[in-house]
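This is what each chain is made of:
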Amino acid sequence: MKHKETLKKNSIEWQPLKMPIFLFLVGLMMAVSMVFASREQDIQSQHAFKRTEMQLNDLQKRNEESQKNLAIVKTAYPKYEQLKKFNFFDHEKMSLNWVSWLKTLQEEIKISELTYEFGTQQPLVLPIFDKKTNNGVDFFISEIKLTLQILHSEDLFHLIQGLKKYNTLPLFSLKSCEIKRKYPASFAWQQHLGKPLLETVCTLQWYSAKLKPLENNK
Amino acid sequence: MKTHPLIYFSDTQLIIYQIVDKSVLEVQRFSTDEQGQVAFEKWLPISSLQAWYQPISIVVDSRQEEYFWERVPHVSIHDRKELLQLRCRRCFPNTPYSFAYIQGKSPQLETTRLEDQALCIGLPQPDSLQLFVTILLKNKIAIRGIYSLPLLVESITSYLPTARYTLLITHTEPLNQHQPFALKQIFLIQNQLILSRWISFPQQEVSFSTFLMEEIHKTRQYLLGINVLSHEHSLNVLIFSEQTYLNEIENIKKNISTGITIQSFNAAKWIVQQGIRKSPPIIYFYSLIFQQLVKKSPSNHYAKPFELRYFKYFKLRQMLQLSTAVILIMSSLFAGYIMLKSYETEQQTQQLEEKLANMNTLYQQTKALQPVDIDVLALKDTVDGTNWLSRRQRFPIQSFSIISEYLVDFPQLSLEKLSWSYKEEVSQSIGGENSNSKIQQLLQAKRKEAGLDESKFLDIVMLEGKILPFNGNAEQALETIRNFEQHLKKNKHIKDIKELVLPLNLSPTNTVKGNLTHSNTQTKEAPFSLEITLNIP
């Protein structure tokens, strides 16, 4: 019984357990640290991946848009340059162009008398554009009333053809035209050679535009 | 290779063996008297027992071990432990080293109550064993368990020939130098221990075979006496001995009485057949028991919980070490897996970054190609708008030409005034006026977006003139005009002709007067005015 009693006094001997418990705790801490560190690393990699993916998607969209824009530019820019050359965006210069063309044509076709009258510039809403959309350009319409004293109707046609020739961009149109005999049918024109027999009044419409201020490029 | 220490404890000796794989090697031998205890106590700290880092098993092979084979009431497992403890205390009131277990159901059912067959074994004089155990515990040696050697025989019965009643006879460690030859008899019923006997052989007096037969008969008589063996059944005697005695045994087999069957084995050869490579002499048979004990780790027989405390620490240490290893391995694997995943993600990110860099270069290049003086939207709107305006360009030349072609054939029609204008006829939307369905709206929007004009232009030419010469013949004048109209209508571009003014200019609202006597003087002129609508594409 003594044998049992002496042994029972020491309930738990920690000495043989100290090192394994210490190692277990160290191992546990290492394990937790390893898992935590790797998890943290993984989370960071995932975040980096998602961030890059988002950047790529964003850039992809911008690039697609840019490609589309480039396609538009490729097809539209030459025409824009042509329009610019013809002062399509400069109403004042365009008006001077018209006067210059008319004067040249009068001399070429030998129109005895040609008077012009520029109307006011009016904003033009094109139905192809949605009114709500903020278009990048505003269109305008102007009228020129031309009064011609001509020998025969071909002179008017020559004038129209001439205007078409000068204005290679067909950005004008005739609204109306009226040819009136100046003298009765019995008028002996043979006795008055070179005298204009017809009076023509034509209303011509021409278009111009104004670019809205340039937005910041994306 | 692991070395398992084992103590063979008999009444006079304590032998330390080491079991390495399938070899049993003797390490040290001590007597169980005071001298032996002192020597053991001195030897233990310098021994290699602790260096093996393995718990020690104590196998008791004592003459004093007693066996009580009795029936106990059949109770639930929960109560069985308590019942067996009570039986042990009753059978062995003065020793801590006792053990009881249920061998199965009792074969004799005398009452209606179910009964189990239990075996209680114990060491009535535990002092010597206790002293050695105390020395081991003082040296903090983990004791796996204290086992009864005869009871351990049950674990090797699968190696023995099968029989209902088996009497196993083998050589055992001698008691002392004066009695150098001893035998051990172990009786089993259906491979379960009933009792064991230790026999000392007086070599000088009789021959081995005669002595052996006498002891077999004695044991048989005893077994018959205590009713564990019946006359109807044969006692299967298995003798494990040395080659020198086997010849004698073969001789006595011829004169054997009924009720006994003898089988003899060369113990040294037999254990080699069972896979034991090396064994100390005499205890060949025990070597197999020791090897099986180390291999199978059966439940402890005699050791008390406080004696197993260092074994518990050992197990706890093992568990902690194993847990540490498992935790580290698992966490390493898990961390490795996550790191691998992370590495793959990093690789993917790198690929994406490369893609991003390439795309960025492409984007910058594309962007550089875009004009700086105009916004792309404005550019598109400008071009779309000008295209739309271009399609609406109208001129009178074609309409005038068509009409001129026909006027050549009608010189009587003298023109005074020719005017041209156009009107826009908006074509009906697809699906009629009530085309409010989403599909139709969408189609129209698409057409609009594509710049397809919904409008149709009609040229309007007004011809104003007179019929020359007229000569007052209004009918002819009207006919001329109507002929002209009919000719004109043949042209596919002519859509409509309206007569605005005709020579007589009759209308339901005006009155007409005339003098039929002087018909030529009725009207001097025959004016006309026509509105011609042309559809010039």
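### Let's talk about the overall build of chain B
Counting secondary structure elements, chain B contains 13 helices and 17 strands. Looking at chain B as a whole, 32% of its 537 residues are labelled buried. Once local pairs closer than 6 in sequence are excluded, the contacts in chain B between residues at least 24 apart make up 70%.

### Side note on helix α5 (residues 208-225) of chain B
Residue and element names in this part refer to chain B. Its 18 residues give α5 an end-to-end C-alpha distance of 25 Å, which sits within 8% of 26 Å, the value for a rise of 1.5 Å per residue. Among the residues making up α5, those that are buried are L212, M213, I216, T219 and R220. Looking straight down α5, one finds that the buried residues subtend no more than 130 degrees of arc, so they occupy a single side. Structural note: α5 exposes T210, E214, Q221 and G225 on the side pointing more than 90 degrees away from its buried face. Here the buried face of α5 lies against β9 (165-172), β10 (182-189), β11 (192-200), β12 (235-241), α6 (243-254) and β13 (260-266). Positive backbone phi, approximately 65 degrees, marks N227, located one or two places after α5.

### Examining the sheet that holds β10(B)
All names here are of chain B. One open sheet accounts for five strands, arranged β11-β10-β9-β12-β13; its pairing is mixed. Every other strand in the sheet has two partners, leaving β11 and β13 as the edge strands with one partner each. Each neighbouring strand pair of the sheet contributes to a mean axis angle of 20 degrees, computed without reference to strand direction. Relative to β10, β9 is paired through eight bridges, and the arrangement is antiparallel. From the neighbouring strand, I169 faces β10, where its bridge partner is Q185. In the packing of α5 onto the sheet, the strands contacted are β9, β10, β11, β12 and β13, and the crossing angle to β10 comes to about 35 degrees.

### Notes on the environment of L169(A)
Within the fold, L169(A) resides in the loop between α4 (153-166) and β4 (172-181). Spatially, the C-alpha atom of L169(A) lies 7.5 Å from that of L83(A), the residues being 86 residues apart in sequence. Residues in contact with L169(A), not counting those within four places in the same chain, are Q82(A), L83(A), F86(A) and T386(B).

### Structural notes on the interface of chain A and chain B
With 72 residues of chain A at the contact, the number on the chain B side is 72 residues. Mapped onto the side of chain A that touches chain B, the elements with two or more residues apiece are α1 (2-9), α2 (15-85), β3 (137-150), α4, β4 and β5 (198-211) of chain A. Of all the elements, α2(A) adds the most residues to the side of chain A that touches chain B, at 39 residues. For the side of chain A that touches chain B, a count of residues per class yields 41 nonpolar, 18 polar and 13 charged.

### So, the sheet that holds strand β3 (residues 23-31) of chain B
Residue and element names in this part refer to chain B. Overall, mixed pairing links the five strands, which are arranged β3-β2-β1-β4-β8 in an open sheet. Here the strands that pair on one side only, and so sit at the sheet edges, are β3 and β8 (143-148). Taking each pair of neighbouring strands and ignoring which way they run, the sheet shows an average axis angle of 20 degrees. The sheet contact formed by strand β4 (residues 56-61) and β8 spans five bridges and is parallel. If you follow I56 over to β8, its bridge partner there is I143. Sheet strands in contact with helix α8 (residues 284-296) are β1 (3-10), β2 (13-20), β3, β4 and β8, and its direction is about 60 degrees off that of β2.

Definitions and limits used
Residues numbered from 1 in each chain as written. Chains lettered and ligands numbered in written order. Predicted model: local features only at pLDDT ≥ 70, side-chain atom pairs only at ≥ 80, totals over all residues. Helix = DSSP H or I, 4+ residues; strand = E, 2+ residues; numbered from the N terminus. Buried ≥ 20, exposed ≤ 12 C-beta atoms within 10 Å, placed from the backbone. Contact = placed C-beta atoms within 7 Å. Expected span 1.5 Å × (residues − 1). Arc of directions from axis to C-beta. Pairing = 2+ DSSP bridges. Axes fitted to C-alpha atoms, helices over the stretch in contact; angles between N-to-C directions. Nonpolar A, V, L, I, M, F, W, Y, C, P; charged D, E, K, R; others polar.

Functional significance is not addressed by these values, which are geometric in nature.
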